Amino acid sequence: MLTFPDIEPNISAASGCGDSYKMSLKDSTVTTETDANYKMTRPRTTRMLAAWSFSWVALSVEEFNAITAFFRKVGSFQKFLFKNPIDGQLYTVRFAEHMNDWQYVYPYGWQGSLKLEEV
């Protein structure tokens, strides 16, 4: 299985630090309401999948090209391994969306964000 390039996101240095790292858990609960307004719930599955968003700033052209080449190889259809810089664990993920709105900021380099979802 392919592994994401070893280019660590800028967790604390990204502009708008609130967007440099986001994590969410997808609940699998199924909910039904009865005619008497009772709410009945049950889990659809036993897994709660995680999703992450990471930002990179001041990437060199070589680092940006490595990320772009990797994205072209796997798209949003193929799973791969990603080492989460927050907890240091490897997760099997796929890209949750396209590689959108990356920008070159002269003279610092490339910046942008990627969204990943657990498989």
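Residues numbered from 1 in each chain as written. Predicted model: local features only at pLDDT ≥ 70, side-chain atom pairs only at ≥ 80, totals over all residues. Heavy atoms only, no water.

A. The arrangement of the environment of threonine 32 in detail. Inspection of the secondary structure puts threonine 32 in strand β2 (residues 29-33). Of the residues examined, threonine 32 reaches a relative accessible area of 45% and is grouped as partly exposed. Sequence-wise, threonine 32 and arginine 42 are ten residues apart; in three dimensions their C-alpha atoms are separated by 9.0 Å. Beyond its immediate sequence surroundings of up to four residues, threonine 32 is in contact with Tyr38, Lys39 and Met40. (Helix = DSSP H or I, 4+ residues; strand = E, 2+ residues; numbered from the N terminus. Buried < 20%, exposed > 50% of the residue type's maximum accessible area, 1.4 Å probe, protein only. Contact = heavy atoms within 4.5 Å.)

B. Geometry of unusual backbone geometry. Note that the residue after tyrosine 106, namely proline 107, is joined by a cis bond; omega there is 0 degrees. The phi dihedral of asparagine 37 falls on the positive side, at around 65 degrees, and the residue is not glycine. Mapped onto the fold, asparagine 37 is located in the loop between β2 and β3 (39-43). Even without glycine at this site, alanine 58 takes up a positive phi of about 55 degrees. Tracing the chain through its elements places alanine 58 in strand β4 (residues 49-59).

C. The arrangement of the pattern of salt bridges in detail. Per the stated rule, a full pass over the model turns up two salt bridges. Across the pair arginine 94 and glutamate 117 runs a salt bridge, and its minimum N-O distance is 3.5 Å. With arginine 94 in strand β6 (residues 90-95) and glutamate 117 in strand β8 (residues 109-118), this residue pair connects regions lying 23 residues apart in the sequence. (Salt bridge = Lys/Arg side-chain N within 4 Å of Asp/Glu carboxyl O.)

D. Region of interest: the packing of aromatic side chains. A complete count under the given rule lists 16 aromatic pairs for this structure. Note on tryptophan 52 and tyrosine 91: the rings are 4.7 Å apart at their centroids and 50 degrees apart in plane angle, and the pair reads as tilted. With tryptophan 52 in strand β4 and tyrosine 91 in strand β6, this residue pair connects regions lying 39 residues apart in the sequence. For tyrosine 91, a relative accessible area of 16% gives the class buried. Measuring from centroid to centroid gives 5.8 Å for phenylalanine 64 and tryptophan 102, while their planes differ by 45 degrees, and the two rings are tilted. (Phe/Tyr/Trp six-rings, centres within 6.5 Å; stacked < 30°, edge-to-face > 60°.)

E. Just a nonpolar patch on the surface, in detail. Side chains of Met23, Leu25 and Met48 sit close together on the surface and give an oily, nonpolar patch of about 310 Å² of accessible area. Tracing the chain through its elements places methionine 23 in strand β1 (residues 21-26). Assessed through its relative accessible area of 43%, methionine 23 is described here as partly exposed. (Patch = residues over 30% accessible without salt bridge, like charges linked within 9 Å, V, L, I, M, F, W, Y side chains within 5 Å. Areas by Shrake-Rupley, 256 points an atom, 1.4 Å probe, with all protein chains shown as cover.)

F. Highlighting the environment of alanine 66. Looking at the element boundaries, alanine 66 is found in helix α1 (residues 61-74). The partly exposed category is assigned to alanine 66, whose relative accessible area is 32%. Aside from chain neighbours lying at most four places away, what touches alanine 66 is Pro5 and Ile7.

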